[in-house]
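What follows is the residue order along each chain.
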Amino acid sequence: MDKNLKSKVLPLVLSVVVIVLDQITKMLVVNYIQPYTIGAQFFGDFIRLIHVYNTGVAFSVGAGWPDLARRILFSIIPICVLVLVMVVYFRNTDFTKLQRWAICGIVGGGFGNIIDRIFRSKGVIDFIDVKWFGIEKSPIGLFRMTRWPTFNVADSAVVVCGIMLLISFAVTISKESKSKKENKGEK
């Protein structure tokens, strides 16, 4: 296998690992925690394992929309976007190693939740519930919460890898800018 292709294919292992871990943890939640109950608590009630379904997307946005709209907007369009991301991923030769791994983590998380949207009629299974130490009297709703919205392994992969990707882009842009300034100074 050519080195360039290998550098693009190897990070796909992360996509597969995220999908497998996501689906295994969701299966365990379905088998061992009754829906809408707390299965376990850690550090007092700081972290709880619960069993809930999310028919929407992030923060349950769109949960009350008609089923057809949710299927189109939350399954078909994301699949198209992920396919497009993978096309760009394989055609691009400028991504760094870290960027490739981060993109594959995001893709794995995306497909992990799409699997639920397609094959689980009740919605995406979320189960990690964390206490949120927000400013409870804040005018911004996000900070009035006492618990962060429940999430899963796929969501975690998307957020962590998304942050890594943004930071790596910022570092790359900064390095390129510095390099251009140095090259102009030499001329």
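Given the structure is predicted, the values throughout are model-derived calculations rather than measurements.

Enquirer: Explain the overall build of the protein to me, using residue names and the numbers behind them.
Expert: Per the secondary structure count, the protein includes five helices and three strands. Moving toward the C terminus, one meets the helices and strands of the protein in the order α-α-β-β-α-α-β-α. Scored against the burial criterion, the 187 residues of the protein give a buried share of 30%. A separation of at least 24 residues holds for 63% of the contacts in the protein among residues at least 6 apart in sequence. Taken as a whole, the protein presents about 11900 Å² of accessible surface, with 69% of it coming from carbon and sulfur.

Enquirer: Break down helix α3 (residues 67-91) for me, citing the residues and quoting the values.
Expert: Relative to the 36 Å expected for 25 residues at 1.5 Å per residue, α3 spans 35 Å between its end C-alpha atoms, a close match to the ideal helical length. The inward-facing, buried residues of α3 abut α1 (3-9), α2 (12-32) and α4 (97-119).

Enquirer: Which residues make up the nonpolar core, and what values go with them?
Expert: Here is a general trend for soluble globular proteins: nonpolar side chains tend to be buried in one another's company. Counting residues in each nonpolar core, the largest one holds 11 residues, listed as L82, M86, Y89, F95, A102, I103, C104, V107, I114, C161 and L165. With five residues, the top contributor of residues to this core is α4. Of all hydrophobic cores here, the second largest spans seven residues; its members include I33, Y53, I125 and I128.

Enquirer: Tell me about a nonpolar patch on the surface, residues and numbers included.
Expert: On the surface, W65, L68, I72, L73, I76, I77, V81 and V85 cluster together into a nonpolar patch covering about 680 Å² of accessible area. In this structure W65 comes out as partly exposed when scored by relative accessible area, which is 39%.

Enquirer: Describe empty space enclosed by the protein, listing the residues and the values that go with them.
Expert: Tallied over the entire structure, the rule returns one cavity of 30 Å³ or more. Approximately 120 Å³ is the volume found for the largest cavity. Taken together, N54, T55, D67, R70, R71, F74, S75, R117, R120, S121, G123 and V124 make up the lining of the largest cavity. The element best represented in the lining of the largest cavity is α3, accounting for five residues. Its residues placed into classes, the lining of the largest cavity shows two nonpolar, five polar and five charged.

Enquirer: Which residues make up the packing of α2 against α4, and what are the values?
Expert: Orientation of α2 relative to α4, taken along the N-to-C sense of each, is 35 degrees, at an axis distance of 7 Å. The chirality of how α2 crosses α4 is right-handed. Contacts from L12, L14, S15, V18, I19, D22, Q23 and K26 in α2 reach W101, C104, G105, V107, G108, G109, F111, G112, N113, I115 and D116 in α4. Considering only residue class, the contact of α2 with α4 consists of nine nonpolar, seven polar and three charged.

Enquirer: How would you summarise the sheet that holds strand β3 (residues 124-130) if you had to cite specific residues and measurements?
Expert: Strand order across the open sheet formed by three strands is β1-β2-β3, with antiparallel pairing between neighbours. In this open sheet, the two edge strands, each paired with only one partner strand, are β1 (38-42) and β3. Averaged over all adjacent pairs, the angle separating strand axes in this sheet is 30 degrees, with direction ignored. Together, β2 (47-54) and β3 form the strand contacts of α2, whose direction differs from that of β3 by roughly 85 degrees.

Enquirer: So, the pattern of salt bridges: which residues are in play, and what are the values?
Expert: A full pass over the atoms with the stated rule returns seven salt bridges. With a shortest N-O distance of 3.0 Å, K26 and D116 are connected by a salt bridge. On the criterion of sequence distance, the pair formed by K26 in helix α2 and D116 in helix α4 is long-range, its members being 90 residues apart. Judged on exposure class, the residue K26 and its partner D116 are both buried.

Enquirer: Summarise the confidence of the model for the protein; cite the residues concerned and give the values.
Expert: Residues of the protein with pLDDT of at least 70 account for 88%, and the chain-wide mean is 87. Within the protein, α3 has the poorest average pLDDT of any element, 85, and α2 the best, 97.

What counts, and at which threshold
- Residues numbered from 1 in each chain as written.
- Predicted model: local features only at pLDDT ≥ 70, side-chain atom pairs only at ≥ 80, totals over all residues.
- Heavy atoms only, no water.
- Helix = DSSP H or I, 4+ residues; strand = E, 2+ residues; numbered from the N terminus.
- Buried < 20%, exposed > 50% of the residue type's maximum accessible area, 1.4 Å probe, protein only.
- Contact = heavy atoms within 4.5 Å.
- Areas by Shrake-Rupley, 256 points an atom, 1.4 Å probe, with all protein chains shown as cover.
- Expected span 1.5 Å × (residues − 1).
- Core = buried A, V, L, I, M, F, W, Y, C linked by side-chain atoms within 4.5 Å.
- Patch = residues over 30% accessible without salt bridge, like charges linked within 9 Å, V, L, I, M, F, W, Y side chains within 5 Å.
- Salt bridge = Lys/Arg side-chain N within 4 Å of Asp/Glu carboxyl O.
- 1 Å grid on protein atoms, 1.4 Å probe; cavity = no way out; pocket = protein on both sides within 12 Å on 5 of 7 lines; lining within 4 Å.
- Points joined across faces, edges and corners; volume = space filled by probe spheres on them.
- Nonpolar A, V, L, I, M, F, W, Y, C, P; charged D, E, K, R; others polar.
- Axes fitted to C-alpha atoms, helices over the stretch in contact; angles between N-to-C directions.
- Left-handed = near helix turned anticlockwise from the far one by under 90°.
- Pairing = 2+ DSSP bridges.
- pLDDT = per-residue confidence, 0-100.

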